[in-house]
Amino acid sequence: MTALADLLVRRIRATGPITLADYMAECLLHPLHGYYSTRDPFGASGDFTTAPEISQMFGELLGLCLAQTWLDQGAPSRFTLAELGPGRGTLMADVLRATKGVPGFHAAAQVVMVEASPTLRRVQAQTLSRQRDHGTRWIEAIGDLPEQPLFLLANEFFDALPIHQFQRDGTEWRQRMVGLRDGQLAFGLSDPVNPFMVGQKFQNDPSGTIIEVCPLGRAIAGNVGHRLHHFGGAAIIIDYGGWRSKGNTLQALRAHRFEDPLANPGEADLTAHVDFEDIADKIRTPHSALTDQGTLLHRLGIASRSARLAANLTGPALESHLAAYHRLTDPAEMGSLFKAIAFHSLGTSAPPGFT
Ligand SMILES: C[S@@+](CC[C@H](N)C(=O)[O-])C[C@H]1O[C@@H](n2cnc3c(N)ncnc32)[C@H](O)[C@@H]1O
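Below, the structure is looked at part by part. What you see is a predicted model; the values in this text were computed from it and never measured.

Moving on, we get to the overall build of the protein. On a plain count of helices and strands, the protein comes out with 14 helices and 16 strands. Taken over C-alpha atoms, the radius of gyration comes to 21 Å for the protein, in line with the 20 Å a tight globule of 355 residues would show. C-alpha extents for the protein along the principal axes are approximately 60 × 45 × 40 Å. Counting every position in the protein, which comprises 355 residues, the buried fraction comes to 43%. Sequence-distant contacts, at least 24 apart, represent 77% of the contacts inside the protein between residues at least 6 apart.

Next up, the structure:
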């Protein structure tokens, strides 16, 4: 049993079953035993690999996309360049390197990393220290962003936020809870809950349907929308999920393998698919269509960027570069599993690649 499992079993014994969102929050961000609080989980030796860790092209293209959007919105003289959940800081490092040549962009940008994990904040600072100092700030919550135009990236951030699950039972809804069976963590169902917690649009769904709700994701989306509406800017969100996500999508990943989400609390990454319609409902600014990651990267010019990088490579370096290109873009790999959407302030056009 992990140290966190022991704590959770004692808590549930004392005060009863906890919601799945409570369970996920403890597993991911418990100050002593949380998955993100205690480790750098990325890469071949970790538990999973994200797009920015696969190739510099991902961050370069998104950086240029954001810089063009900033120009299209009149190049505001001061703005926030923010990333939500920046992992190792690789995406922001690539964004900053790629946009060095955009006149005025760096001078106007105030770089802000929104990161809850102290361990990852240290890793990010180290990654960014290899470049010119941009006066980067770290904050734990989006509410502390400066009140000015916001140009924001979030890659594989929303999937890492705690979710509630509700299950249709006849005409009622019950919440999936984490309790105990034979002294071990086990899923169970609550008493019937107020259907309002699930949302109107699912009230005709058949018995057995599972719906996921992400209150923290909704609150963060609402905050982004408020900023885009009042101060201008754009937000690009990339993640796996769909326009309307249904069913049980909770998954646990450890050492690149799926496992039971209750098996090793604090030791495995827990994620759930992102419901982009739910995010759009909360941001409430104009937005692009939901676009496959591969399609977006092609529209942003990944084929020619890849060819330029390939021209300077040979042997294993060339092979691994080409493999990275395919992994990011191929529909059989990350190309269509991952989706991208851009939100932009009223009266402005969608970022390049999203139209
Ligand atoms: C799956 S990782 C994605 C990392 C990075 N964006 C990438 O693409 O490599 C999720 C990131 O979100 C951070 N995170 C998770 N929950 C958070 C929260 N509530 N507030 C801020 N950051 C959070 C994690 O610490 C981690 O940096």
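So, on to the packing of helix α9 (residues 215-231) against helix α10 (residues 276-283). Axis separation between α9 and α10 bottoms out at 7 Å; the angle between their running directions is 45°. When the interaxial angle is binned, α9 and α10 end up oblique. Helix-helix and strand crossings are classified by hand; for α9 and α10 the assignment is right-handed. Across the interface between the two elements, Gly217, Arg218, Ala221, Gly222, Val224 and Gly225 from α9 touch Asp278, Ile279, Lys282 and Ile283 from α10.

A sheet is described by the order of its strands in space; here three strands give the open sequence β12-β11-β13, paired in antiparallel fashion. Strands at the two margins of the open sheet, each flanked by one partner only, are β12 (257-259) and β13 (269-271). Neighbour to neighbour, the strand axes of the sheet diverge by 35° on average, direction disregarded. Note: strand β11 (residues 251-254) against β12, three bridges, orientation antiparallel. When the bridges of β12 are listed, Ala252 appears paired with Glu259.

Turning next to the nonpolar core. With 84 residues, the main nonpolar core has Leu61, Leu66, Leu152 and Ile236 as its most contacted residues. No other element matches helix α5 (residues 56-72), which puts nine residues into this core. When residues no more than four places from it in sequence are discounted, the contact partners of Leu61 are Leu297, Leu300, Gly301, Ile302 and Arg305.

Once that is clear, we can look at the packing of α5 against helix α12 (residues 302-310). Helix-helix packing is characterised by the crossing angle of the two axes and by the distance between the axes. In the contact formed by α5 and α12, the axes pass within 11 Å of each other and the chain directions differ by 130°. Overall, the two elements α5 and α12 adopt an arrangement that is oblique. When the axes of α5 and α12 are compared, the crossing they make is right-handed. Note on element contacts: α12 touches α5 through Ile302, Arg305 and Ser306, opposite Met57, Glu60 and Leu61. For the contact of α5 with α12, the residue count by class is three nonpolar, one polar and two charged.

The next subject is the pairing of strand β2 (residues 79-84). In terms of burial, β2 is largely enclosed, as six of its six residues are buried. Here β2 shows a buried face lined by Phe79, Leu81 and Glu83 and a second buried face lined by Thr80, Ala82 and Leu84. Across six bridges, the pairing between β2 and strand β3 (residues 109-114) is parallel. Bridge pairing in β3 places Leu84 opposite Val114. Relative to strand β5 (residues 150-155), β2 runs parallel, the two sharing four bridges. Following the sheet pairing, Thr80 is matched in β5 by Leu150.

We now examine the pairing of β3. Bridge count between β3 and strand β4 (residues 137-139): three bridges; the pairing is parallel. For Val114, the partnering residue across the bridge sits in β4 and is Ile139. Read from β3 through helix α8 (residues 118-128) to β4, the crossover connection turns out right-handed.

So, how was this worked out
- Residues numbered from 1 in each chain as written.
- Predicted model: local features only at pLDDT ≥ 70, side-chain atom pairs only at ≥ 80, totals over all residues.
- Helix = DSSP H or I, 4+ residues; strand = E, 2+ residues; numbered from the N terminus.
- Rg over C-alpha atoms; globule rule 2.2 N^0.38 Å.
- Buried ≥ 20, exposed ≤ 12 C-beta atoms within 10 Å, placed from the backbone.
- Contact = placed C-beta atoms within 7 Å.
- Axes fitted to C-alpha atoms, helices over the stretch in contact; angles between N-to-C directions.
- Parallel < 35°, antiparallel > 145°, perpendicular 65-115°, else oblique.
- Left-handed = near helix turned anticlockwise from the far one by under 90°.
- Pairing = 2+ DSSP bridges.
- Core = buried A, V, L, I, M, F, W, Y, C linked by C-beta atoms within 7 Å.
- Nonpolar A, V, L, I, M, F, W, Y, C, P; charged D, E, K, R; others polar.
- Right-handed = clockwise from strand over helix to strand, strands pointing away.

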